[in-house]
Amino acid sequence: MLKGKLKCCDGKVGHIVLIVWLVFATLYVLYGEYNRLNNYVAARAYNAGISTAVTQIITESQKCQPVPVNVNELKASLVNLECLQQPEEAEGE
């Protein structure tokens, strides 16, 4: 249908459109995969940071001392419940 109207270009327009479409599609897929990979790496780093923080809190709490925790302006002191439990005195004493 368009061949008769585009005689001067001998199909070059179709080739150019195809090349532009392939470049656009390739860049679109690469950009999507790049973002997916960045999100995956960021999530793994976030989870590793949480695991490290929890491990440090558990280690510090085993010393039976209050563990200060600060997030921006929020502050708290955490205490291990096992340290607060008094050993039961033997009956008859």
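Basis of the calculations
Residues numbered from 1 in each chain as written. Predicted model: local features only at pLDDT ≥ 70, side-chain atom pairs only at ≥ 80, totals over all residues. Heavy atoms only, no water. Pairing = 2+ DSSP bridges. Helix = DSSP H or I, 4+ residues; strand = E, 2+ residues; numbered from the N terminus. Disulfide = S-S within 2.5 Å. Salt bridge = Lys/Arg side-chain N within 4 Å of Asp/Glu carboxyl O. Buried < 20%, exposed > 50% of the residue type's maximum accessible area, 1.4 Å probe, protein only.

**Student:** Teacher, can you tell me more about the pairing of strand S1 (residues 67–71) here?
**Tutor:** Along a regular strand, successive side chains alternate from one face of the sheet to the other. Bridging between S1 and strand S2 (residues 74–78) involves five bridges; their strand directions are antiparallel. Across the sheet, the residue bridging to Val69 is Ala76, located in S2. What sits between S1 and S2 in their antiparallel hairpin is a turn of two residues, with Asn72 showing a positive phi close to 55 degrees.

**Student:** What am I meant to see in the state of the cysteines here?
**Tutor:** A complete count under the given rule lists one disulfide for this structure. In this model, Cys64 is linked to Cys83 through a disulfide, with the two sulfur atoms separated by 2.0 Å. On the sign convention where negative is left-handed, the bridge of Cys64 and Cys83, at about -75 degrees about the S-S bond, is left-handed. You can see Cys64 sitting in the loop between helix H1 (12–61) and S1 and its partner Cys83 sitting in helix H2 (residues 81–84), a full 19 residues away along the chain.

**Student:** What exactly am I supposed to notice about the pattern of salt bridges here?
**Tutor:** Opposite charge on two side chains allows them to pair when their charged atoms are near. Evaluated as defined, the whole model comprises two salt bridges. A salt bridge links Glu33 to Arg36; the shortest N-O distance between them is 2.8 Å. Taken together, the positions of Glu33 and Arg36, both in helix H1 and three residues apart, correspond to about one turn of that helix. Residue classification places Glu33 among the partly exposed residues on the basis of a relative accessible area of 40%. As a salt-bridge pair, Lys63 and Glu60 come within 3.2 Å of each other at their nearest N and O atoms. Judged by its relative accessible area of 36%, Glu60 falls in the partly exposed class.

Read these as layout, nothing more, since geometry by itself doesn't imply function.
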